[in-house]
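# Commentary on secondary and tertiary structure
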Amino acid sequence: MTDLAKFRKLTEIMHKDMDLDRRMYCILTCATAGHAFGFSRAFLLLVNEKTNVLEGKMGVGPTSQEDAESIWSRMSMEDKSLEELLTEYDKMLDIQSMPLYSLVKKFHIPLSEENELLVRCLKEKQAFKVTTASQDKRVSKEFAELLGVEEFVCIPLVVENEAIGVLLADNRYSWRSISEDDIHSLSFFVQHMAVAIKEARLYQRLSENQKKLREMEKELHRAGTLISLGEVAAHLAHEIRNPLVTIGGFARSIYKIAEGNVNEPQIIEKLIKRAKTIIIEIERLESLLSETLDFVHTSKPVFQLKDLNEVVEEISDLIEEELKSKNIKLLCYLSPLPYIRIDEDQIKQVLFNLIQNAIDSMPQGGKLHIKTEREKDFVKMEVTDTGQGIPADIKDEIFSPFFTTKTHGSGLGLSIVKHIAEQHGGRVKLKSRENKETSFIVYLPVPISEN
Amino acid sequence: MYELLVVENEESLRKLYQEELEEEGYGVVCVSSAKEALDKIREGHFHLVVLDIKMPGMDGLELLGKMLGEERKIPVIINSAYPRYKSDFMSWAAEAFIVKSSNLGELKDTIKKVLTKYYPDENKV
(Lines give C-alpha, C1' and ligand atoms only; values in the text may rest on other atoms or scores of the structure.)
Protein backbone atom coordinates (compact mmCIF):
# COMPACT_ATOMS: atom_id res chain seq x y z
CA MET A 1 0.00 0.00 0.00
CA THR A 2 2.03 2.87 -1.27
CA ASP A 3 -0.79 4.94 -2.60
CA LEU A 4 -1.35 7.71 -0.04
CA ALA A 5 -4.61 8.80 -1.66
CA LYS A 6 -6.00 5.32 -1.17
CA PHE A 7 -4.90 5.43 2.41
CA ARG A 8 -6.65 8.73 2.95
CA LYS A 9 -9.82 7.43 1.32
CA LEU A 10 -9.78 4.48 3.68
CA THR A 11 -9.38 6.67 6.73
CA GLU A 12 -12.33 8.67 5.53
CA ILE A 13 -14.54 5.61 5.14
CA MET A 14 -13.40 4.35 8.47
CA HIS A 15 -14.37 7.52 10.29
CA LYS A 16 -17.83 7.59 8.80
CA ASP A 17 -19.27 6.22 12.00
CA MET A 18 -18.20 5.16 15.43
CA ASP A 19 -19.26 1.52 15.20
CA LEU A 20 -16.47 -0.71 16.49
CA ASP A 21 -17.45 -3.73 14.42
CA ARG A 22 -17.54 -1.69 11.24
CA ARG A 23 -14.10 -0.28 11.91
CA MET A 24 -12.68 -3.70 12.63
CA TYR A 25 -14.21 -4.96 9.43
CA CYS A 26 -12.57 -2.07 7.53
CA ILE A 27 -9.14 -2.96 8.80
CA LEU A 28 -9.53 -6.66 8.19
CA THR A 29 -10.92 -6.12 4.71
CA CYS A 30 -7.89 -4.01 3.84
CA ALA A 31 -5.58 -6.66 5.20
CA THR A 32 -7.22 -9.28 3.00
CA ALA A 33 -8.25 -7.33 -0.12
CA GLY A 34 -6.15 -8.26 -3.12
CA HIS A 35 -5.44 -4.70 -4.13
CA ALA A 36 -4.50 -3.74 -0.58
CA PHE A 37 -2.41 -6.17 1.49
CA GLY A 38 -3.80 -9.38 0.08
CA PHE A 39 -3.45 -11.75 3.04
CA SER A 40 -5.65 -14.86 3.03
CA ARG A 41 -7.09 -14.32 6.45
CA ALA A 42 -6.86 -11.61 9.05
CA PHE A 43 -8.03 -11.56 12.65
CA LEU A 44 -8.38 -8.88 15.28
CA LEU A 45 -7.91 -9.67 18.94
CA LEU A 46 -8.51 -7.02 21.58
CA VAL A 47 -7.58 -6.86 25.25
CA ASN A 48 -10.51 -7.12 27.62
CA GLU A 49 -9.35 -4.84 30.42
CA LYS A 50 -11.77 -6.25 32.93
CA THR A 51 -10.71 -9.86 32.55
CA ASN A 52 -7.14 -9.26 31.28
CA VAL A 53 -7.71 -11.62 28.42
CA LEU A 54 -6.80 -11.15 24.78
CA GLU A 55 -10.04 -12.04 23.02
CA GLY A 56 -10.72 -12.80 19.38
CA LYS A 57 -13.15 -10.21 18.03
CA MET A 58 -13.41 -10.64 14.29
CA GLY A 59 -11.91 -12.52 11.40
CA VAL A 60 -12.17 -11.94 7.67
CA GLY A 61 -11.34 -14.48 4.99
CA PRO A 62 -12.49 -17.76 3.50
CA THR A 63 -13.19 -20.84 5.60
CA SER A 64 -11.84 -23.44 3.19
CA GLN A 65 -9.72 -23.83 0.08
CA GLU A 66 -12.81 -24.10 -2.16
CA ASP A 67 -14.37 -21.11 -0.50
CA ALA A 68 -11.14 -19.20 -1.08
CA GLU A 69 -10.96 -20.09 -4.73
CA SER A 70 -14.55 -19.18 -5.44
CA ILE A 71 -14.14 -15.87 -3.65
CA TRP A 72 -10.99 -15.08 -5.56
CA SER A 73 -12.38 -15.91 -8.95
CA ARG A 74 -15.47 -13.86 -8.19
CA MET A 75 -13.38 -10.99 -6.90
CA SER A 76 -11.16 -10.84 -9.92
CA MET A 77 -14.24 -10.71 -12.14
CA GLU A 78 -16.09 -8.12 -10.12
CA ASP A 79 -13.01 -6.12 -9.22
CA LYS A 80 -14.65 -4.38 -6.32
CA SER A 81 -13.11 -1.29 -4.85
CA LEU A 82 -12.40 -1.19 -1.15
CA GLU A 83 -15.33 1.10 -0.68
CA GLU A 84 -17.66 -1.38 -2.34
CA LEU A 85 -16.30 -4.18 -0.20
CA LEU A 86 -17.05 -2.16 2.88
CA THR A 87 -20.61 -1.49 1.87
CA GLU A 88 -21.04 -5.25 1.91
CA TYR A 89 -20.49 -5.05 5.63
CA ASP A 90 -23.41 -2.68 6.01
CA LYS A 91 -25.63 -5.29 4.37
CA MET A 92 -24.53 -7.93 6.82
CA LEU A 93 -26.89 -8.52 9.72
CA ASP A 94 -24.42 -9.09 12.52
CA ILE A 95 -20.86 -10.17 12.99
CA GLN A 96 -21.94 -13.51 14.39
CA SER A 97 -23.03 -14.54 10.92
CA MET A 98 -19.49 -14.00 9.59
CA PRO A 99 -17.94 -17.27 8.44
CA LEU A 100 -14.89 -17.10 10.68
CA TYR A 101 -16.85 -16.09 13.78
CA SER A 102 -16.82 -19.49 15.46
CA LEU A 103 -13.05 -19.74 15.05
CA VAL A 104 -12.49 -16.19 16.24
CA LYS A 105 -14.44 -16.81 19.45
CA LYS A 106 -11.97 -19.57 20.33
CA PHE A 107 -9.11 -17.09 20.59
CA HIS A 108 -9.03 -16.54 24.30
CA ILE A 109 -5.58 -15.91 25.71
CA PRO A 110 -5.14 -14.71 29.31
CA LEU A 111 -2.43 -12.06 29.53
CA SER A 112 -0.88 -14.07 32.33
CA GLU A 113 0.32 -16.60 29.75
CA GLU A 114 3.44 -14.60 29.15
CA ASN A 115 5.11 -17.17 26.96
CA GLU A 116 2.34 -17.13 24.39
CA LEU A 117 3.56 -15.27 21.33
CA LEU A 118 0.51 -13.02 21.02
CA VAL A 119 0.91 -11.90 24.62
CA ARG A 120 4.58 -11.13 23.95
CA CYS A 121 3.56 -9.23 20.83
CA LEU A 122 1.31 -7.12 23.06
CA LYS A 123 3.72 -6.63 25.93
CA GLU A 124 6.79 -5.97 23.81
CA LYS A 125 4.75 -3.90 21.35
CA GLN A 126 6.54 -5.61 18.54
CA ALA A 127 5.49 -7.49 15.42
CA PHE A 128 6.44 -11.16 15.15
CA LYS A 129 6.59 -13.45 12.20
CA VAL A 130 6.32 -17.19 12.66
CA THR A 131 7.35 -19.50 9.85
CA THR A 132 6.98 -22.95 11.36
CA ALA A 133 4.30 -22.70 14.02
CA SER A 134 4.30 -26.42 14.83
CA GLN A 135 8.03 -26.28 15.72
CA ASP A 136 8.10 -22.80 17.21
CA LYS A 137 8.55 -22.80 21.00
CA ARG A 138 6.90 -19.39 21.23
CA VAL A 139 3.59 -20.73 19.93
CA SER A 140 1.50 -23.08 22.04
CA LYS A 141 0.32 -26.28 20.41
CA GLU A 142 -3.33 -25.42 20.96
CA PHE A 143 -2.95 -22.08 19.27
CA ALA A 144 -1.07 -23.47 16.29
CA GLU A 145 -3.75 -26.12 15.82
CA LEU A 146 -6.52 -23.58 16.09
CA LEU A 147 -4.96 -21.43 13.42
CA GLY A 148 -3.97 -24.39 11.22
CA VAL A 149 -1.02 -22.71 9.44
CA GLU A 150 2.73 -22.76 9.81
CA GLU A 151 3.33 -19.19 8.79
CA PHE A 152 1.63 -16.12 10.19
CA VAL A 153 2.36 -12.64 11.38
CA CYS A 154 1.11 -10.79 14.43
CA ILE A 155 1.21 -7.04 14.80
CA PRO A 156 0.31 -5.08 17.95
CA LEU A 157 -2.22 -2.24 17.91
CA VAL A 158 -0.47 0.46 19.88
CA VAL A 159 -2.08 3.73 20.93
CA GLU A 160 -0.22 6.22 23.09
CA ASN A 161 2.29 3.60 24.07
CA GLU A 162 -0.40 1.16 25.14
CA ALA A 163 -1.05 -2.05 23.23
CA ILE A 164 -4.81 -2.57 22.95
CA GLY A 165 -4.85 -5.61 20.70
CA VAL A 166 -3.23 -7.71 18.02
CA LEU A 167 -3.81 -8.13 14.33
CA LEU A 168 -3.09 -11.61 13.10
CA ALA A 169 -2.71 -12.41 9.38
CA ASP A 170 -1.79 -15.48 7.38
CA ASN A 171 -1.80 -16.83 3.85
CA ARG A 172 -3.64 -20.04 4.62
CA TYR A 173 -5.07 -20.45 1.14
CA SER A 174 -2.60 -18.72 -1.15
CA TRP A 175 0.43 -20.36 0.53
CA ARG A 176 2.39 -17.30 -0.46
CA SER A 177 5.15 -16.65 2.04
CA ILE A 178 5.03 -13.45 4.03
CA SER A 179 7.77 -11.01 3.11
CA GLU A 180 9.45 -8.42 5.30
CA ASP A 181 7.90 -5.78 3.06
CA ASP A 182 4.41 -7.18 3.69
CA ILE A 183 5.00 -6.99 7.42
CA HIS A 184 6.43 -3.52 7.23
CA SER A 185 3.58 -1.99 5.27
CA LEU A 186 0.91 -3.85 7.23
CA SER A 187 2.50 -2.62 10.47
CA PHE A 188 2.44 0.91 9.21
CA PHE A 189 -1.25 0.53 8.37
CA VAL A 190 -2.17 -1.13 11.66
CA GLN A 191 -0.38 1.55 13.61
CA HIS A 192 -2.56 4.20 12.02
CA MET A 193 -5.75 2.22 12.47
CA ALA A 194 -5.19 1.45 16.14
CA VAL A 195 -6.38 4.90 17.15
CA ALA A 196 -9.63 4.37 15.26
CA ILE A 197 -10.22 1.10 17.12
CA LYS A 198 -9.47 2.62 20.50
CA GLU A 199 -11.76 5.52 19.76
CA ALA A 200 -14.59 3.20 18.70
CA ARG A 201 -14.10 1.07 21.80
CA LEU A 202 -14.34 4.09 24.06
CA TYR A 203 -17.43 5.13 22.22
CA GLN A 204 -18.91 1.68 22.60
CA ARG A 205 -18.25 1.71 26.32
CA LEU A 206 -19.82 5.14 26.57
CA SER A 207 -22.91 3.93 24.71
CA GLU A 208 -23.16 0.93 27.02
CA ASN A 209 -23.00 3.15 30.06
CA GLN A 210 -25.59 5.40 28.56
CA LYS A 211 -27.82 2.43 27.97
CA LYS A 212 -27.35 1.33 31.57
CA LEU A 213 -28.20 4.82 32.74
CA ARG A 214 -31.36 4.82 30.68
CA GLU A 215 -32.32 1.47 32.16
CA MET A 216 -31.68 2.80 35.64
CA GLU A 217 -33.83 5.78 34.85
CA LYS A 218 -36.65 3.49 33.78
CA GLU A 219 -36.15 1.45 36.94
CA LEU A 220 -36.35 4.56 39.10
CA HIS A 221 -39.44 5.60 37.31
CA ARG A 222 -41.02 2.25 38.04
CA ALA A 223 -40.00 2.49 41.69
CA GLY A 224 -41.60 5.93 41.66
CA THR A 225 -44.94 4.49 40.62
CA LEU A 226 -44.65 1.94 43.38
CA ILE A 227 -44.26 4.64 46.00
CA SER A 228 -47.19 6.58 44.71
CA LEU A 229 -49.19 3.37 44.84
CA GLY A 230 -48.38 3.18 48.55
CA GLU A 231 -49.47 6.74 49.01
CA VAL A 232 -52.72 6.14 47.19
CA ALA A 233 -53.45 3.14 49.39
CA ALA A 234 -52.63 5.08 52.55
CA HIS A 235 -54.79 7.96 51.52
CA LEU A 236 -57.64 5.65 50.61
CA ALA A 237 -57.36 3.83 53.89
CA HIS A 238 -57.47 7.09 55.82
CA GLU A 239 -60.42 8.38 53.85
CA ILE A 240 -62.33 5.20 54.58
CA ARG A 241 -61.39 4.93 58.21
CA ASN A 242 -62.91 8.18 59.44
CA PRO A 243 -66.42 7.55 58.11
CA LEU A 244 -66.10 3.98 59.36
CA VAL A 245 -65.29 5.12 62.86
CA THR A 246 -68.27 7.46 62.80
CA ILE A 247 -70.71 4.90 61.43
CA GLY A 248 -69.48 2.24 63.80
CA GLY A 249 -69.55 4.62 66.72
CA PHE A 250 -73.13 5.67 66.12
CA ALA A 251 -74.20 2.09 65.45
CA ARG A 252 -72.86 1.29 68.87
CA SER A 253 -74.76 4.09 70.47
CA ILE A 254 -77.99 2.94 68.77
CA TYR A 255 -77.31 -0.52 70.06
CA LYS A 256 -76.71 0.75 73.59
CA ILE A 257 -79.83 2.89 73.62
CA ALA A 258 -82.02 0.12 72.24
CA GLU A 259 -80.55 -2.40 74.62
CA GLY A 260 -81.50 -0.33 77.63
CA ASN A 261 -85.01 0.35 76.39
CA VAL A 262 -87.50 -2.42 77.00
CA ASN A 263 -90.79 -0.67 76.22
CA GLU A 264 -91.44 -2.30 72.84
CA PRO A 265 -89.47 -5.52 72.94
CA GLN A 266 -90.04 -6.66 69.36
CA ILE A 267 -88.92 -3.47 67.67
CA ILE A 268 -86.09 -3.06 70.07
CA GLU A 269 -84.89 -6.56 69.36
CA LYS A 270 -84.83 -5.85 65.64
CA LEU A 271 -82.91 -2.63 66.26
CA ILE A 272 -80.39 -4.44 68.38
CA LYS A 273 -79.86 -7.14 65.78
CA ARG A 274 -79.29 -4.65 63.00
CA ALA A 275 -77.01 -2.44 64.95
CA LYS A 276 -75.03 -5.49 65.95
CA THR A 277 -74.60 -6.54 62.32
CA ILE A 278 -73.39 -3.04 61.46
CA ILE A 279 -70.89 -3.18 64.30
CA ILE A 280 -69.53 -6.59 63.30
CA GLU A 281 -69.14 -5.65 59.65
CA ILE A 282 -67.44 -2.43 60.51
CA GLU A 283 -65.02 -4.14 62.83
CA ARG A 284 -64.11 -6.42 59.97
CA LEU A 285 -63.49 -3.48 57.66
CA GLU A 286 -61.44 -1.70 60.28
CA SER A 287 -59.13 -4.65 60.78
CA LEU A 288 -58.79 -5.04 57.02
CA LEU A 289 -57.77 -1.40 56.80
CA SER A 290 -55.22 -1.79 59.57
CA GLU A 291 -53.69 -4.69 57.70
CA THR A 292 -53.59 -2.68 54.48
CA LEU A 293 -51.97 0.26 56.20
CA ASP A 294 -49.51 -2.10 57.80
CA PHE A 295 -48.69 -3.66 54.46
CA VAL A 296 -48.21 -0.31 52.78
CA HIS A 297 -46.11 1.25 55.50
CA THR A 298 -44.39 -1.47 57.39
CA SER A 299 -43.84 -4.01 54.68
CA LYS A 300 -40.24 -4.38 55.89
CA PRO A 301 -39.48 -8.07 55.72
CA VAL A 302 -38.64 -10.08 58.80
CA PHE A 303 -35.75 -12.27 57.71
CA GLN A 304 -34.96 -15.72 58.96
CA LEU A 305 -32.48 -18.30 57.73
CA LYS A 306 -34.46 -20.87 55.87
CA ASP A 307 -34.28 -23.55 53.20
CA LEU A 308 -36.17 -22.20 50.21
CA ASN A 309 -37.07 -25.74 49.15
CA GLU A 310 -39.20 -26.13 52.27
CA VAL A 311 -41.23 -23.10 51.28
CA VAL A 312 -41.61 -24.41 47.73
CA GLU A 313 -42.71 -27.82 48.99
CA GLU A 314 -45.23 -26.31 51.34
CA ILE A 315 -46.77 -24.20 48.60
CA SER A 316 -46.76 -26.99 46.03
CA ASP A 317 -48.65 -29.22 48.49
CA LEU A 318 -51.18 -26.46 48.89
CA ILE A 319 -51.82 -25.95 45.18
CA GLU A 320 -51.73 -29.57 44.09
CA GLU A 321 -55.50 -30.00 44.10
CA GLU A 322 -56.16 -26.77 42.27
CA LEU A 323 -53.64 -27.66 39.57
CA LYS A 324 -55.15 -31.09 39.10
CA SER A 325 -58.61 -29.62 38.64
CA LYS A 326 -57.20 -27.32 35.96
CA ASN A 327 -55.43 -30.11 34.13
CA ILE A 328 -51.99 -28.72 34.94
CA LYS A 329 -49.14 -31.04 35.72
CA LEU A 330 -46.75 -29.86 38.43
CA LEU A 331 -43.08 -30.78 38.09
CA CYS A 332 -40.65 -29.77 40.82
CA TYR A 333 -36.89 -29.94 40.43
CA LEU A 334 -35.40 -28.98 43.76
CA SER A 335 -31.62 -29.07 44.18
CA PRO A 336 -30.09 -28.95 47.66
CA LEU A 337 -29.74 -25.31 48.68
CA PRO A 338 -27.85 -23.35 51.29
CA TYR A 339 -29.92 -21.57 53.93
CA ILE A 340 -30.83 -18.06 52.88
CA ARG A 341 -32.28 -15.09 54.69
CA ILE A 342 -35.92 -14.76 53.70
CA ASP A 343 -39.21 -13.50 54.99
CA GLU A 344 -41.15 -16.71 54.62
CA ASP A 345 -44.56 -15.09 54.25
CA GLN A 346 -43.30 -12.74 51.56
CA ILE A 347 -41.58 -15.50 49.61
CA LYS A 348 -44.78 -17.53 49.80
CA GLN A 349 -46.53 -14.51 48.37
CA VAL A 350 -43.98 -14.37 45.54
CA LEU A 351 -44.47 -18.03 44.71
CA PHE A 352 -48.19 -17.75 45.01
CA ASN A 353 -48.34 -14.77 42.64
CA LEU A 354 -46.08 -16.44 40.08
CA ILE A 355 -48.03 -19.69 40.23
CA GLN A 356 -51.33 -17.84 39.92
CA ASN A 357 -50.02 -16.11 36.78
CA ALA A 358 -48.82 -19.43 35.40
CA ILE A 359 -52.23 -21.01 36.00
CA ASP A 360 -53.99 -18.09 34.36
CA SER A 361 -51.79 -18.39 31.29
CA MET A 362 -52.75 -22.05 30.76
CA PRO A 363 -56.55 -22.11 30.57
CA GLN A 364 -56.36 -25.34 28.56
CA GLY A 365 -53.99 -26.96 31.01
CA GLY A 366 -50.29 -27.61 30.61
CA LYS A 367 -47.17 -28.06 32.67
CA LEU A 368 -45.91 -26.02 35.57
CA HIS A 369 -42.22 -26.40 36.42
CA ILE A 370 -40.76 -25.15 39.65
CA LYS A 371 -37.01 -25.39 39.78
CA THR A 372 -34.57 -24.34 42.46
CA GLU A 373 -30.81 -24.36 42.32
CA ARG A 374 -27.81 -22.46 43.45
CA GLU A 375 -26.10 -20.16 40.95
CA LYS A 376 -22.95 -18.57 42.31
CA ASP A 377 -23.93 -16.19 45.13
CA PHE A 378 -27.62 -16.62 44.51
CA VAL A 379 -30.33 -19.14 45.03
CA LYS A 380 -32.41 -19.34 41.90
CA MET A 381 -36.10 -20.17 41.86
CA GLU A 382 -37.65 -20.61 38.45
CA VAL A 383 -41.38 -20.88 37.78
CA THR A 384 -42.12 -21.93 34.20
CA ASP A 385 -45.44 -22.46 32.47
CA THR A 386 -46.27 -23.79 29.03
CA GLY A 387 -48.79 -21.04 28.37
CA GLN A 388 -49.15 -18.42 25.69
CA GLY A 389 -45.98 -16.51 26.60
CA ILE A 390 -45.50 -12.81 27.02
CA PRO A 391 -45.28 -10.62 23.90
CA ALA A 392 -41.94 -8.85 23.64
CA ASP A 393 -43.51 -5.41 23.48
CA ILE A 394 -44.97 -5.62 26.97
CA LYS A 395 -41.98 -7.27 28.65
CA ASP A 396 -40.85 -3.96 30.10
CA GLU A 397 -44.21 -3.13 31.50
CA ILE A 398 -45.31 -6.29 33.22
CA PHE A 399 -43.60 -5.38 36.49
CA SER A 400 -45.29 -1.99 36.70
CA PRO A 401 -48.06 -1.61 39.27
CA PHE A 402 -51.61 -1.81 37.86
CA PHE A 403 -50.37 -3.33 34.61
CA THR A 404 -52.40 -6.40 33.70
CA THR A 405 -53.40 -8.43 30.68
CA LYS A 406 -56.11 -10.26 32.57
CA THR A 407 -59.74 -9.29 32.74
CA HIS A 408 -59.69 -9.86 36.46
CA GLY A 409 -56.90 -9.09 38.90
CA SER A 410 -55.37 -5.98 40.35
CA GLY A 411 -52.26 -5.74 38.18
CA LEU A 412 -50.22 -5.68 41.37
CA GLY A 413 -49.06 -9.31 41.44
CA LEU A 414 -45.76 -8.97 39.57
CA SER A 415 -44.92 -5.56 40.98
CA ILE A 416 -45.25 -7.09 44.43
CA VAL A 417 -43.05 -10.01 43.35
CA LYS A 418 -40.40 -7.59 42.13
CA HIS A 419 -40.70 -5.42 45.22
CA ILE A 420 -40.27 -8.39 47.55
CA ALA A 421 -37.35 -9.81 45.58
CA GLU A 422 -35.60 -6.46 45.74
CA GLN A 423 -36.23 -6.12 49.45
CA HIS A 424 -34.44 -9.43 49.80
CA GLY A 425 -31.49 -8.02 47.88
CA GLY A 426 -32.41 -10.09 44.85
CA ARG A 427 -34.12 -9.60 41.52
CA VAL A 428 -36.60 -11.12 39.10
CA LYS A 429 -35.88 -12.08 35.52
CA LEU A 430 -38.33 -12.92 32.80
CA LYS A 431 -37.75 -15.33 29.93
CA SER A 432 -40.56 -15.88 27.51
CA ARG A 433 -41.15 -17.44 24.13
CA GLU A 434 -44.49 -16.59 22.62
CA ASN A 435 -46.93 -19.50 22.43
CA LYS A 436 -44.31 -21.70 24.07
CA GLU A 437 -43.46 -20.86 27.64
CA THR A 438 -42.76 -18.23 30.22
CA SER A 439 -40.25 -18.39 33.06
CA PHE A 440 -39.99 -16.05 35.97
CA ILE A 441 -36.69 -16.46 37.72
CA VAL A 442 -36.26 -15.09 41.21
CA TYR A 443 -32.69 -14.66 42.45
CA LEU A 444 -32.19 -14.43 46.20
CA PRO A 445 -28.71 -13.78 47.62
CA VAL A 446 -26.88 -16.40 49.68
CA PRO A 447 -25.62 -14.77 52.88
CA ILE A 448 -21.85 -14.28 52.99
CA SER A 449 -21.44 -16.72 55.85
CA GLU A 450 -22.93 -19.46 53.68
CA ASN A 451 -20.55 -18.81 50.81
CA MET B 1 -65.99 18.08 86.25
CA TYR B 2 -63.09 17.28 84.00
CA GLU B 3 -62.93 19.41 80.87
CA LEU B 4 -61.74 17.64 77.71
CA LEU B 5 -60.64 19.28 74.50
CA VAL B 6 -61.10 17.12 71.38
CA VAL B 7 -59.17 18.17 68.27
CA GLU B 8 -60.65 16.48 65.21
CA ASN B 9 -61.15 17.84 61.71
CA GLU B 10 -64.00 15.48 60.74
CA GLU B 11 -67.33 16.91 61.68
CA SER B 12 -69.20 13.65 62.23
CA LEU B 13 -66.41 12.31 64.39
CA ARG B 14 -66.62 15.45 66.50
CA LYS B 15 -70.33 14.76 66.97
CA LEU B 16 -69.60 11.20 68.00
CA TYR B 17 -66.92 12.13 70.52
CA GLN B 18 -69.04 14.95 71.88
CA GLU B 19 -71.99 12.65 72.58
CA GLU B 20 -70.06 9.68 73.84
CA LEU B 21 -67.69 11.57 76.09
CA GLU B 22 -70.40 13.81 77.56
CA GLU B 23 -72.24 10.63 78.38
CA GLU B 24 -69.21 9.57 80.37
CA GLY B 25 -69.65 12.70 82.44
CA TYR B 26 -66.96 14.95 80.98
CA GLY B 27 -67.27 18.52 79.85
CA VAL B 28 -66.37 18.31 76.15
CA VAL B 29 -65.27 21.01 73.74
CA CYS B 30 -64.55 19.98 70.16
CA VAL B 31 -62.46 22.04 67.76
CA SER B 32 -61.71 21.32 64.13
CA SER B 33 -58.14 22.57 63.79
CA ALA B 34 -54.86 22.66 65.64
CA LYS B 35 -54.87 26.44 65.54
CA GLU B 36 -58.23 26.70 67.28
CA ALA B 37 -57.01 24.12 69.74
CA LEU B 38 -54.00 26.23 70.66
CA ASP B 39 -56.23 29.24 71.38
CA LYS B 40 -58.49 27.12 73.58
CA ILE B 41 -55.55 25.58 75.42
CA ARG B 42 -54.21 29.07 76.21
CA GLU B 43 -57.55 29.93 77.80
CA GLY B 44 -56.35 27.34 80.24
CA HIS B 45 -59.12 25.30 81.77
CA PHE B 46 -58.75 21.89 80.09
CA HIS B 47 -57.63 18.80 81.90
CA LEU B 48 -56.85 16.69 78.86
CA VAL B 49 -56.56 16.91 75.07
CA VAL B 50 -57.64 14.20 72.64
CA LEU B 51 -55.66 14.89 69.49
CA ASP B 52 -55.97 13.76 65.90
CA ILE B 53 -52.73 13.91 63.91
CA LYS B 54 -53.56 14.22 60.26
CA MET B 55 -55.36 17.52 59.84
CA PRO B 56 -55.22 20.20 57.18
CA GLY B 57 -52.97 23.10 58.17
CA MET B 58 -51.02 22.55 61.38
CA ASP B 59 -51.03 18.84 62.17
CA GLY B 60 -51.37 17.18 65.55
CA LEU B 61 -47.67 16.56 66.04
CA GLU B 62 -46.83 20.17 65.39
CA LEU B 63 -49.46 21.22 67.90
CA LEU B 64 -47.95 18.79 70.37
CA GLY B 65 -44.60 20.52 69.87
CA LYS B 66 -46.16 23.92 70.52
CA MET B 67 -47.88 22.62 73.65
CA LEU B 68 -44.52 21.52 75.04
CA GLY B 69 -43.55 25.19 75.07
CA GLU B 70 -46.61 26.18 77.08
CA GLU B 71 -46.28 26.87 80.78
CA ARG B 72 -49.09 24.66 81.95
CA LYS B 73 -48.67 21.03 80.95
CA ILE B 74 -51.84 19.29 79.82
CA PRO B 75 -51.79 15.54 79.10
CA VAL B 76 -52.46 14.58 75.49
CA ILE B 77 -53.93 11.40 74.08
CA ILE B 78 -53.21 10.92 70.40
CA ASN B 79 -56.11 9.39 68.52
CA SER B 80 -54.97 8.66 64.97
CA ALA B 81 -55.94 6.46 62.07
CA TYR B 82 -52.26 5.79 61.40
CA PRO B 83 -50.50 3.30 63.64
CA ARG B 84 -47.18 4.34 62.12
CA TYR B 85 -47.20 7.76 63.82
CA LYS B 86 -46.64 5.85 67.01
CA SER B 87 -42.99 5.57 66.08
CA ASP B 88 -42.66 9.31 65.40
CA PHE B 89 -40.53 10.67 68.21
CA MET B 90 -42.94 13.58 68.73
CA SER B 91 -45.56 11.03 69.73
CA TRP B 92 -43.46 10.26 72.78
CA ALA B 93 -44.47 13.61 74.17
CA ALA B 94 -48.04 12.37 74.33
CA GLU B 95 -49.34 10.51 77.31
CA ALA B 96 -50.87 7.76 75.20
CA PHE B 97 -51.34 6.73 71.60
CA ILE B 98 -54.43 4.96 70.37
CA VAL B 99 -55.56 3.94 66.93
CA LYS B 100 -58.92 5.36 65.93
CA SER B 101 -61.71 2.87 66.22
CA SER B 102 -65.46 2.87 66.21
CA ASN B 103 -65.20 1.11 69.52
CA LEU B 104 -64.56 4.02 71.85
CA GLY B 105 -63.91 1.69 74.77
CA GLU B 106 -60.12 2.00 74.53
CA LEU B 107 -60.30 5.78 74.24
CA LYS B 108 -62.58 6.07 77.25
CA ASP B 109 -60.44 3.76 79.35
CA THR B 110 -57.31 5.64 78.42
CA ILE B 111 -58.90 8.98 79.26
CA LYS B 112 -59.85 7.67 82.66
CA LYS B 113 -56.41 6.26 83.32
CA VAL B 114 -54.57 9.41 82.27
CA LEU B 115 -56.85 11.64 84.33
CA THR B 116 -56.37 9.53 87.45
CA LYS B 117 -52.64 9.56 86.96
CA TYR B 118 -52.42 13.33 86.39
CA TYR B 119 -54.93 14.50 88.93
CA PRO B 120 -54.73 11.91 91.72
CA ASP B 121 -56.04 14.23 94.40
CA GLU B 122 -59.15 15.30 92.54
CA ASN B 123 -62.13 13.07 92.52
CA LYS B 124 -64.45 14.68 90.11
CA VAL B 125 -66.31 12.14 88.04
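It should be noted that the structure appears before, not after, this text.
Nothing here was measured: the structure is a model prediction, and the numbers come from that model. (Residues numbered from 1 in each chain as written. Chains lettered and ligands numbered in written order. Predicted model: local features only at pLDDT ≥ 70, side-chain atom pairs only at ≥ 80, totals over all residues. Heavy atoms only, no water.)

### With respect to the interface of chain A and chain B
This is how it is decided: Residue contacts are counted whenever heavy atoms from the two residues lie within 4.5 Å of one another. Put simply, a salt bridge is a Lys or Arg side-chain nitrogen that is within 4 Å of an Asp or Glu carboxyl oxygen. Contacts described as polar in this section are N or O atom pairs within 3.5 Å, which, within protein, must combine one atom able to donate a hydrogen with one able to accept it, while residues neighboring in sequence count only if both atoms come from side chains. Where helices and strands are cited, they refer to DSSP runs of H or I of at least four residues and of E of at least two residues respectively, numbered from the N terminus. Charged residues are taken to be Asp, Glu, Lys and Arg, nonpolar residues to be Ala, Val, Leu, Ile, Met, Phe, Trp, Tyr, Cys and Pro, and polar residues to be all remaining types, Gly included.
Listed as interface residues are 18 residues of chain A and, on the opposing side, 20 residues of chain B. Our count for the chain A to chain B interface comes out at two salt bridges. Here Lys256 of chain A makes a salt bridge to Glu20 of chain B, at a shortest N to O gap of 3.4 Å. Summed over the shared surface of chain A and chain B, the number is two residue pairs in polar contact (both at pLDDT 80 or more). Sorting the residues of the side of chain A that touches chain B by element identifies α8 (180–260) and α9 (265–297) of chain A as the ones contributing at least two each. When residues in the side of chain A that touches chain B are grouped by element, the largest group, 13 residues, is from α8 of chain A. Residue composition of the side of chain A that touches chain B, by class: six nonpolar, seven polar and five charged.

### Considering the pattern of salt bridges
Note the cut-off: A 1.4 Å probe rolled over the protein chains alone gives each residue an accessible area, and that area as a share of the maximum for its type sets the label: buried under 20%, exposed over 50%, partly exposed in between.
Counted under the stated rule, the structure contains 28 salt bridges over all chains. Between Lys256 of chain A and Glu23 of chain B there is a salt bridge, and its shortest N-O distance comes to 3.7 Å. Of this pair, Lys256 of chain A sits in helix α8 while Glu23 of chain B sits in helix α1 (residues 11–23), each in a different chain. The exposure class of Glu23 of chain B is exposed, given its relative accessible area of 55%. One connected set of salt bridges, linked through shared partners, spans Lys256 of chain A together with Glu20, Glu23, Glu24 and Lys108 of chain B.

### With respect to the sheet that holds strand β10 (residues 366–375) of chain A
Residues and elements named next belong to chain A. Test applied: Here the rule is simple: two strands pair whenever DSSP picks up at least two bridges between them. Simply put, an axis is a line fit to the C-alpha atoms, just over the touching stretch for a helix, and the angle between two N-to-C directions goes from 0 to 180 degrees.
Overall, mixed pairing links the five strands, which are arranged β8-β10-β11-β13-β12 in an open sheet. Each of the sheet's edge strands pairs with one partner strand only, and the pair in question is β8 (328–334) and β12 (427–433). Ignoring which end each strand starts from, the neighbouring axes of this sheet average 15° apart. Across the sheet, helix α11 (residues 344–360) touches β8, β10, β11 (378–385) and β13 (437–445), and the angle it forms with β11 is around 25°. Running over the sheet, helix α12 (residues 413–423) touches β12 and β13 and is turned about 135° from β12.

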